[in-house]
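Chain by chain, the residues:
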Amino acid sequence: MQRIGIVGVGEIGRALVTGLCEGADDAPEVFLSPRGADTAAELAARHASVRVCADNQEVVDRSEVVIIAVRKEDRHTALGGLRVAPDRIVVNVMAGVASDDLRRTLATEAAVVRAIPLPAVRERRGVTVTCPAHPVVDALFGRLGGALPVADEAAFNVFSALTGTLTAHYRYLATLTSWAADQGVPAADAERYVRGLFQGVGRALGDETRTLDRLAADHETPKGNNERIRTTWFDQANAQALGSALDGLLADLNGGPE
Ligand SMILES: NC(=O)C1=CN([C@@H]2O[C@H](COP(=O)(O)OP(=O)(O)OC[C@H]3O[C@@H](n4cnc5c(N)ncnc54)[C@H](OP(=O)(O)O)[C@@H]3O)[C@@H](O)[C@H]2O)C=CC1
């Protein structure tokens, strides 16, 4: 696979191009749509194998694999009327857009694969869920940190719901920091400390010989401070509230409102 097109060059488009091209000996040719002009121009200036096309049709015509990375609400304007030859492989990274929906918009016989690339593809460290498995697409995401093909779109949507929990996690850390600052410690110190604490969590998660339950137990002294916060704050009611929020998100991803 040597020619990759991207329609919609925003945050995730930029991360994909960077992961594919930055410092790579075997960077593929990449064809970008002209919208998101500043980002597209910057990427083309930075990487010899990246070009900006005149329009979205040119992106499709020049590419073997076409990644659709516009926002969901822009898909009809961006894609309506495009001619996509049946030998193309279309990768749909738009959250909440089913393969059938995209196939209808494109009116194509081409293979359509859904994927959830995360910003860490930029450093070739993102594991990307794909559906259905496709050798070319899985190889593409393999270069960007790994592919995790799943059986069907129902399973895909479960993973998609999990990705919706990321910013709550950052807010949790910000809440810890501002609580500490409210107690009178310098906010910068609190933030530095919280970042360090949870970088340690990130490293511990890399140790796949220990289960998540094991990791939790290993960090907890019986009747200690961690047990106290876990049982008084992340109690059953809190865990159930999280489960309900995820249930609601999953129901929408499985065919809820537009
Ligand atoms: N950000 C992320 O971490 C992830 C995002 N996604 C999905 O990727 C998609 C894009 O997200 P994100 O990159 O964050 O969004 P951005 O808003 O950063 O990027 C969207 C890009 O699409 C461009 N665009 C809009 N209309 C058209 C058009 N008609 N033709 C071509 N390009 C067009 C916009 O250009 P302009 O600036 O000129 O309006 C913009 O550059 C979404 O569907 C999202 O669900 C999936 C996984 C992760």
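What comes next is a walk through the structure. Everything numeric here is computed off the predicted structure, so don't read it as measured data. (Residues numbered from 1 in each chain as written. Predicted model: local features only at pLDDT ≥ 70, side-chain atom pairs only at ≥ 80, totals over all residues. Heavy atoms only, no water.)

## Comments concerning the nonpolar core
- Counting residues in each nonpolar core, the largest one holds 26 residues, and the members touching the most others are I6, V17, L32, I67, V91 and F141.
- Of all the elements in the fold, those that place two or more residues in this core are β1 (3-7), α1 (11-21), β2 (29-32), α2 (37-46), β4 (65-68), β5 (89-92), β6 (111-116) and α6 (135-142).
- Non-local contacts of I67, meaning those with residues more than four positions away in its chain, are made with I4, G5, I6, V7, L16, V91, V93 and L140. (Core = buried A, V, L, I, M, F, W, Y, C linked by side-chain atoms within 4.5 Å. Buried < 20%, exposed > 50% of the residue type's maximum accessible area, 1.4 Å probe, protein only. Helix = DSSP H or I, 4+ residues; strand = E, 2+ residues; numbered from the N terminus. Contact = heavy atoms within 4.5 Å.)

## Side note on a nonpolar patch on the surface
- Residues Y172, L176, I229, W233, F234 and L242 make up a contiguous nonpolar surface patch of roughly 540 Å² in combined accessible area.
- One can find Y172 in helix α8 (residues 166-182). (Patch = residues over 30% accessible without salt bridge, like charges linked within 9 Å, V, L, I, M, F, W, Y side chains within 5 Å. Areas by Shrake-Rupley, 256 points an atom, 1.4 Å probe, with all protein chains shown as cover. Salt bridge = Lys/Arg side-chain N within 4 Å of Asp/Glu carboxyl O.)

## Here's the deal with the pattern of salt bridges
- Evaluation of the coordinates by the stated rule reveals 16 salt bridges.
- Residue R71 pairs with D74 through a salt bridge whose shortest N-O separation is 3.4 Å.
- Residue classification places R71 among the exposed residues on the basis of a relative accessible area of 55%.
- Where R230 meets E220, a salt bridge forms, and the shortest distance between an N and an O atom there is 2.8 Å. On the criterion of sequence distance, the pair formed by R230 in helix α11 (residues 225-232) and E220 in the loop between α10 (212-218) and α11 is long-range, its members being 10 residues apart.

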